Amino acid sequence: MEEEEEEARALLAGGPDEAGGGALGALPALCDPSRLAHRLLVLLLMCFLGFGSYFCYDNPAALQTQIKGDMQVNTTKFMLLYAWYSWPNVVLCFFGGFLIDRVFGIRWGTIIFSCFVCIGQVVFALGGIFNAFWLMEFGRFVFGIGGESLAVAQNTYAVSWFKGKELNLVFGLQLSMARIGSTVNMNLMGWLYSKVEALLGSAGHTTLGVTLLIGGITCILSLICALVLAYLDQRAERILHKEQGKTGEVIKLTDVKDFSLPLWLIFIICVCYYVAVFPFIGLGKVFFIEKFGFSSEAASAINSVVYVISAPMSPVFGLLVDKTGKNIIWVLCAVAATLASHMMLAFTLWNPWIAMCLLGLSYSLLACALWPMVAFVVPEHQLGTAYGFMQSIQNLGLAIVSIIAGMILDTRGYLFLEVFFIACVSLSLLSVVLLYLVNRAQDGNLNYSARQREEIKFSHTE
Amino acid sequence: MCGCEEPRWGSGHCAPGPMLLLSLLLSAAPFGLLGEETRQVSLEVIPDRLGPPKNLLHVRAVGTNSTLHYVWSSLGPPAVLLVATNTPHSTLSVNWSRLLSPERDGGLMVLPKDSIQFSSALVFTRLFEFDSTNTSDAAAKPPGKPYPPYSLANFSWNNIADSLDPATLSATFQGHPIHDPTKAFANGSLAFRVQAFSRSGRPAQPPRLLHTADTCQLEVALVGASPQGNRSLFGLEVATLGQGPDCPSVQEQHSIDDEYAPAVFQLNQLLWGSLPSGFVQWRPVAFSQKQRGRESALPCQASPLYPLTLAYLLPQSPIVQAFFGSQNNFCAFNLTFGASTGPGYWDQHYLSWSMLLGVGTPPVDALSPLVLGIMAVTLGAPGLMLLAGGLYLLLGHKRYSEYHPIN
């Protein structure tokens, strides 16, 4: 209300001069879309936008034993909950950017995807209440329709508001918030389940369903953020005459054939890396209980440490990569560290906190160094498609690997599963090395230091 | 396998050194066995010509320099004698009239006596049942309200000769209580399946313990018996000969390898003395379904060994008395299968657990060739790539600098 009044006043006072920017000085910094304070407010909303979906994404991991016990399913079937989340995104992420740009627009897109997330989580919970595992799977499917596309929307918002400013930092912060969501989930859901169990008097599928339903509140919160963000974005468009956040040019699926070799390598790095992290975390809790003799609470804590570390470190690493450049080297370090961490988990009985902290650090570093690289190798008008495509094949990888991981675990155990993950990370490492070589050979810009980038930017503007 | 042993009961973590890790990665060859690679194994039911058929199974495993004798019997409680001799010619002599008389001493002998290197015995004395409904703590002792135990000395057993299978070198003792007022075993039985091996290998079904020609496998299966409660846990009391005043210890070995028994990272081992002596080895896992998988896996808790005092009169095993004499001090430990939550006997009225009994150095698991192969490829490929890429860049850079002046 207050904001609207101020906005109106500013518009009246500024009249036709507002595009010049001078007249906006009358607005308080928090409400002035051209000021940092306002961008921070938007940033906050963007961060909470993803909170719900990230909180609920790892609900199965936090309640692995409960789900397997209450719903009477084996690990392979349990991992289908993750696979079903990923399947719709194989197609949707590919179109996610397209839908946002051409069909819904960023604002409606975000709201629609948030709704899907909410509905999906409710259906997932109902599956528990009605003791129907297929319904749970269907819920995860609906949840998945919203989840990843929402992340694309979140990125597009970030680019639209922060391009050329603090973009890497913003990516980092958004990730932090997502990770806080996951961490809270890991450590809260088990406790929540036991509380609901005490309340209902017994464990069982109903307890599970109610617990998941309560977890769904976070999704409502995210939906509210999507609504407010849509309003603020529209307002900024009116005041600043800024384009609605989109990539602008015509997006064609045939763009894919124009993708360069380095971009494909980035895709491979991304897929092979993330399939060794997310399914591992999905299955991690029981691993720490069985192999290292952790209690259920301690296992939840260590399983979420990757996210805990990621939350504060993502912005730090984001800044670091911004200031130093040399993205490929950072990615190389991150992948090598992840490889080392998986090796430790597989072949030693060393305290797993060491390996998991290393995994957390490398995971945050990778996210900060890898994702911005896409922007260096694709023209701006293909950025949405490229990011969408990247997430699309990442989801294809996650869906397939989730199923494979469940099957390996049921038949061959955790050691073999870890070896499988090591093989994935190793493939990722191979691609990083190849990317470095290709970049060297093509005199690409991927591994420039921050100063080189500045110089190039300068010479271009000249 | 991690090369660390914990002499006392309890769980702890220990780490293998980096050197060990390296050697594990580098050597695909299985660890050399101290015992014999292969043995001539024969199974024989020793008949009592004067009376009704009795269950006395003699497993004789002959190697080039040694003979192992496993004598399984269900006279009294099910029991096994294991005797290792340093000659391929040692024999078992049975004096039935002595064995069945109160003065059993000398009823069972392995000859020549001076060839005996090691001997011990296991007696399976009682089957326990607990009500786990009101216990949340899985490690509680006892794991619930105990029902009256079944004494295995008061079971009647099938004729072992009927189930003898020379092809698989196995035989099964199947029994039920002689006196069964609750009709719990009307459709059920407790079975001890004994299997010997002529060479090393690994069964297809979990827990897939690695066996050698020096070992015998025992599978205990409780099938179809009606439990006395809705959530009954079962347990088994196992007695063994003590060494002097002390009881042997059970070691818990932590391993990184669960390839053969998914999600089981532990191996329990009972050693009778300093190596090489006899050993009992088992994974702390039991199964509640015939199809043994992770979803039917139950935890198996073992108590430390305690000396048996006069407080509880152990049912005597005639074969143990006949071989070792009547003055022996016994130690016992209890195994409990399952916990109050998760899968249990109540699912399908089925419970199975296996152990390995042997002489010499216990078999040690090594990483499977498949794991080592995958690791070699996955670590080798990026390394080679770096090397090749580095060379390419070096050469490519040279060529570039050659052309540079023309530009």
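Counting of residues starts from 1 at the beginning of each chain's written sequence and follows it residue by residue. Here every chain gets a letter starting at A, and every ligand a number starting at 1, in the order they are written. Residues qualify for local features only when their pLDDT is at least 70, as the model is predicted, and side-chain atom pairs are given and counted only at 80 or more; totals for whole chains, interfaces and linings, by contrast, use all residues. No hydrogens and no water enter the side-chain calculation; it runs on all heavy atoms of the structure.

Enquirer: Which residues make up the overall build of chain A, and what values go with them?
Expert: Helical segments are the DSSP runs of H or I of at least four residues, strand segments are the runs of E of at least two, and each set is numbered from the N terminus. If you tally the helices and strands in chain A, you get 17 helices and zero strands. For a compact globule the rule gives 2.2 Å times the number of residues to the power 0.38, and the radius of gyration it is set against comes from C-alpha atoms. Taken against the 2.2 N^0.38 rule, which gives 23 Å for 462 residues, the C-alpha radius of gyration of chain A at 22 Å falls within 12% of a compact globule. If you line up chain A on its principal axes, its C-alpha atoms span 70 × 55 × 40 Å. Residues counted as buried form 61% of the 462 residues belonging to chain A. Expressed as a percentage of contacts within chain A between residues at least 6 apart in sequence, the contacts between residues at least 24 apart total 79%. Computed with a 1.4 Å probe, the accessible areas rest on the Shrake-Rupley method; for each residue, only the protein chains presented here act as cover. By element, 67% of the accessible surface of chain A is carried by carbon and sulfur atoms, the whole surface being about 17200 Å². Only protein chains enter the accessibility calculation, which uses a 1.4 Å probe; a residue is then buried when its area is under 20% of its type maximum, exposed when over 50%, and partly exposed in between. Whether two residues are in contact is decided by their heavy atoms: any pair within 4.5 Å suffices.

Enquirer: Quick rundown of the overall build of chain B? Include the residues and the values.
Expert: On a plain count of helices and strands, chain B comes out with five helices and 22 strands. In chain B, which comprises 407 residues, the share counted as buried stands at 53%. At a minimum sequence separation of 6, the contacts of chain B that also span at least 24 residues come to 66%. For chain B, the computed accessible surface area is about 18500 Å², with 57% contributed by carbon and sulfur atoms.

Enquirer: How would you explain the interface of chain B and chain A if you had to name every residue and give the values?
Expert: Contacts between the two partners involve 30 residues from chain B, matched on the other side by 35 residues from chain A. Note on chain B versus chain A: buried area summed over both sides is about 3000 Å², and carbon and sulfur give 74% of it. Here a polar contact is taken to be a pair of N or O atoms separated by no more than 3.5 Å, where protein atoms must pair a possible hydrogen donor with a possible acceptor and residues adjacent in sequence count only if both atoms sit in side chains. Here chain B and chain A share five residue pairs in polar contact (both at pLDDT 80 or more) between them. Sort the elements by how many residues they give to the side of chain B that touches chain A and helix 5 (residues 369–403) of chain B lands first, with twelve residues. Here the side of chain B that touches chain A is composed, by residue class, of 20 nonpolar, five polar and five charged. Two parts placed together each lose some accessible area under a 1.4 Å probe, and the buried area is that loss summed for both. Ten residue types, Ala, Val, Leu, Ile, Met, Phe, Trp, Tyr, Cys and Pro, are classed as nonpolar, four, Asp, Glu, Lys and Arg, as charged, and the remainder, Gly among them, as polar.

Enquirer: Describe the layout of surface pockets, listing the residues and the values that go with them.
Expert: Residue and element names in this part refer to chain A. Cavity: a set of points on a 1 Å grid over the protein atoms alone where a 1.4 Å probe fits but cannot get out. Pocket: an open set with protein on both sides within 12 Å along at least five of seven lines, its lining residues, like those of a cavity, having an atom within 4 Å of a point. Grid points are joined across faces, edges and corners, and a volume is the space filled by probe spheres set on the points. Considered as a void within the structure, the second largest pocket measures approximately 1200 Å³ in volume. Lining the second largest pocket are 31 residues, and of these Lys-163, Gly-164, Phe-376, Arg-453 and Lys-457 sit closest to its centre. Counting residues per element, the ones that place at least two in the lining of the second largest pocket are helix 7 (167–200), helix 13 (305–324), helix 15 (352–377), helix 16 (383–441) and helix 17 (450–461). The biggest single contributor to the lining of the second largest pocket is helix 17, with six residues. For the lining of the second largest pocket, the per-class residue count stands at 16 nonpolar, six polar and nine charged.

Enquirer: Give a detailed account of the packing of helix 13 of chain A against helix 15 of chain A, specifying residues and quantitative values.
Expert: Residues and elements named next belong to chain A. Structural elements are reduced to axes, namely lines fitted to C-alpha atoms, with helices fitted over the stretch in contact, and the angle between N-to-C directions of any two is expressed from 0 to 180 degrees. Packing of helix 13 against helix 15 brings their axes to within 7 Å, and their N-to-C directions diverge by 40°. Judged on the interaxial angle alone, helix 15 and helix 13 are oblique. Where helix 13 crosses over helix 15, the handedness of that crossing is right-handed. On the side of helix 13, the interface is formed by Val-305, Val-306, Ile-309, Ser-310, Met-313, Ser-314, Phe-317, Gly-318 and Val-321, while helix 15 contributes Trp-353, Met-356, Cys-357, Leu-359, Gly-360, Leu-361, Tyr-363, Ser-364, Leu-365, Cys-368 and Ala-369. Grouping the constituent residues of the contact of helix 13 with helix 15 by class yields 15 nonpolar, five polar and no charged. In this scheme, roughly parallel covers angles under 35 degrees and roughly antiparallel covers those over 145, while 65 to 115 is roughly perpendicular and the rest are oblique. Left-handed describes a crossing whose near helix is turned anticlockwise from the far helix by less than a right angle; the clockwise case is right-handed.

Enquirer: Could you give an account of the packing of aromatic side chains, with specific residues and numbers?
Expert: Between two aromatic rings, the relevant description is the distance of the centres plus the angle of the planes. What counts as a ring pair is set by centres within 6.5 Å for rings of Phe, Tyr and Trp (its six-membered ring), and what kind of pair is set by the plane angle: stacked under 30 degrees, edge-to-face over 60, tilted for all other angles. Under the defined criterion, the tally for this structure stands at 45 aromatic pairs over all chains. Judged by centre distance (5.5 Å) and plane angle (90°), the rings of Trp-264 of chain A and Phe-267 of chain A are edge-to-face. Taken together, the positions of Trp-264 of chain A and Phe-267 of chain A, both in helix 10 (residues 261–274) and three residues apart, correspond to about one turn of that helix. Judged by relative accessible area, which is 1%, Phe-267 of chain A ranks as buried. An angle of 75° between the planes, with centres 4.9 Å apart, marks the rings of Phe-323 of chain B and Phe-324 of chain B as edge-to-face. Here the aromatic residues Tyr-57, Phe-78, Tyr-82, Tyr-85, Phe-143, Tyr-273, Tyr-274, Phe-278, Tyr-363 and Trp-371 of chain A are joined through ring pairs into a cluster of three or more. Positioned above the aromatic ring of Tyr-82 of chain A, the side-chain terminus of Arg-140 of chain A is 5.2 Å from the ring centre. A ring is considered to have a charge above it if a Lys NZ or an Arg CZ atom is located within 6 Å of its centre and within 35 degrees of its normal.

Enquirer: If you had to explain the environment of Ala-171 of chain B to someone new, which residues and values would you point to?
Expert: Residue and element names in this part refer to chain B. Here Ala-171 lies in strand 11 (residues 170–177). For Ala-171, a relative accessible area of 1% puts it in the buried group. Aside from chain neighbours lying at most four places away, what touches Ala-171 is Leu-57, Ile-160, Ser-163, Leu-164, Phe-192, Arg-193 and Val-194.

Enquirer: Please give an account of the UniProt feature "transmembrane region" (unreviewed entry) in chain B that cites residues and values.
Expert: When the UniProt feature table is mapped onto this chain, "transmembrane region" (unreviewed entry) is found at residues 370–395 of chain B. The distance from the first to the last C-alpha atom of residues 370–395 of chain B is 37 Å, and the span holds 100% helix and 0% strand. UniProt positions are given in the numbering used here, feature names are shortened, and annotations may be inferred rather than shown by experiment.

Enquirer: Give me the lowdown on the state of the cysteines, citing residues and values where you can.
Expert: The term disulfide is used for any two cysteine sulfur atoms that are within 2.5 Å. A full pass over the atoms with the stated rule returns one disulfide over all chains. For Cys-247 of chain B, the disulfide goes to Cys-331 of chain B, at an S-S distance of 2.0 Å. In this structure the cystine formed by Cys-247 of chain B and Cys-331 of chain B twists about its S-S bond by roughly -90°; its chirality is therefore left-handed. With a gap of 84 residues between them, Cys-247 of chain B in the loop between strand 14 (232–241) and strand 15 (249–254) and Cys-331 of chain B in strand 21 (residues 330–337) connect regions that are remote in the sequence. Free of any disulfide, Cys-219 of chain A has its nearest neighbouring cysteine sulfur in Cys-56 of chain A, separated by 3.4 Å. In this structure Cys-424 of chain A is not part of a disulfide, and its nearest cysteine sulfur, from Cys-272 of chain A, lies 6.2 Å away.

Enquirer: Describe in detail the pattern of salt bridges, supporting the description with residues and values.
Expert: Residue and element names in this part refer to chain A. A side-chain nitrogen of Lys or Arg and a carboxyl oxygen of Asp or Glu constitute a salt bridge if their distance falls within 4 Å. Taken as a whole and judged by the stated rule, the model has eleven salt bridges over all chains. Among the salt bridges present, the one from Arg-107 reaches Glu-237, with a minimum N-O distance of 2.5 Å. With a gap of 130 residues between them, Arg-107 in helix 5 (residues 75–129) and Glu-237 in helix 9 (residues 217–240) connect regions that are remote in the sequence. Judged by its relative accessible area of 10%, Arg-107 falls in the buried class.

Enquirer: Describe the pairing of strand 21 of chain B, and please don't skip the residues or the numbers.
Expert: Residue and element names in this part refer to chain B. For strand 21, the buried fraction is high: seven of the eight residues fall into the buried class. Strand direction decides the pairing type here: strand 19 (residues 297–302) and strand 21, joined by three bridges, are antiparallel. From the neighbouring strand, Cys-300 faces strand 21, where its bridge partner is Phe-337. Here the rule is simple: two strands pair whenever DSSP picks up at least two bridges between them.

Enquirer: Report on helix 7 of chain A, specifying residues and quantitative values.
Expert: An α-helical turn contains 3.6 residues, so a residue and the one three or four places further along point in the same direction. Residues and elements named next belong to chain A. In this analysis, the expected span of each helix is defined as 1.5 Å times one less than the number of residues it contains. The terminal C-alpha atoms of helix 7, which comprises 34 residues, lie 47 Å apart, in line with the 50 Å expected from a rise of 1.5 Å per residue. The term bend refers to the angle at a residue between two fitted axes, each drawn through seven residues, those ending there and those starting there. Within helix 7, the axis deviates most sharply at Leu-188, by approximately 35°. Just downstream of helix 7, Gly-201 is the residue with a positive phi angle, here 90°.

Enquirer: Go over a nonpolar patch on the surface with me, naming the residues and quoting the values.
Expert: Residue and element names in this part refer to chain A. Within the patch definition used here, like charges are joined within 9 Å and nonpolar side chains (Val, Leu, Ile, Met, Phe, Trp, Tyr) within 5 Å, considering only residues with over 30% relative accessible area and no salt bridge. Taken together, the side chains of Trp-84, Trp-87, Leu-396 and Ile-400 make up a nonpolar region of the molecular surface, amounting to roughly 320 Å² of accessible area. Looking at the nonpolar patch, the elements that each hand over two or more residues are helix 5 and helix 16. Structurally, the position occupied by Trp-84 is in helix 5.

Enquirer: So, empty space enclosed by the protein: which residues are in play, and what are the values?
Expert: By the definition in use, this model includes eight cavities of 30 Å³ or more. By volume, the largest cavity amounts to about 470 Å³. Around the largest cavity sit 29 residues that line it, and Tyr-54, Leu-175, Arg-179, Trp-371 and Gln-391 of chain A are the ones nearest its centre. Listing elements by their share of the lining of the largest cavity, those giving two or more residues are helix 2 (36–57), helix 6 (133–162), helix 7, helix 15 and helix 16 of chain A. With seven residues, helix 7 of chain A is the single largest residue contributor to the lining of the largest cavity. Across the lining of the largest cavity, the residue classes break down as 16 nonpolar, ten polar and three charged. Counted as a void, the second largest cavity has a volume near 60 Å³. Taken together, Leu-127, Leu-190, Val-220, Leu-222, Gly-235, Leu-236, Phe-337, Leu-351, Ser-352 and Trp-353 of chain B make up the full set of residues lining the second largest cavity. When contributions to the lining of the second largest cavity are tallied by element, the ones reaching two or more residues are strand 13 (215–223), strand 14 and strand 22 (350–360) of chain B. If you tally residues by element for the lining of the second largest cavity, the top one is strand 22 of chain B, at three residues. In terms of residue class, the lining of the second largest cavity is made up of eight nonpolar, two polar and no charged.

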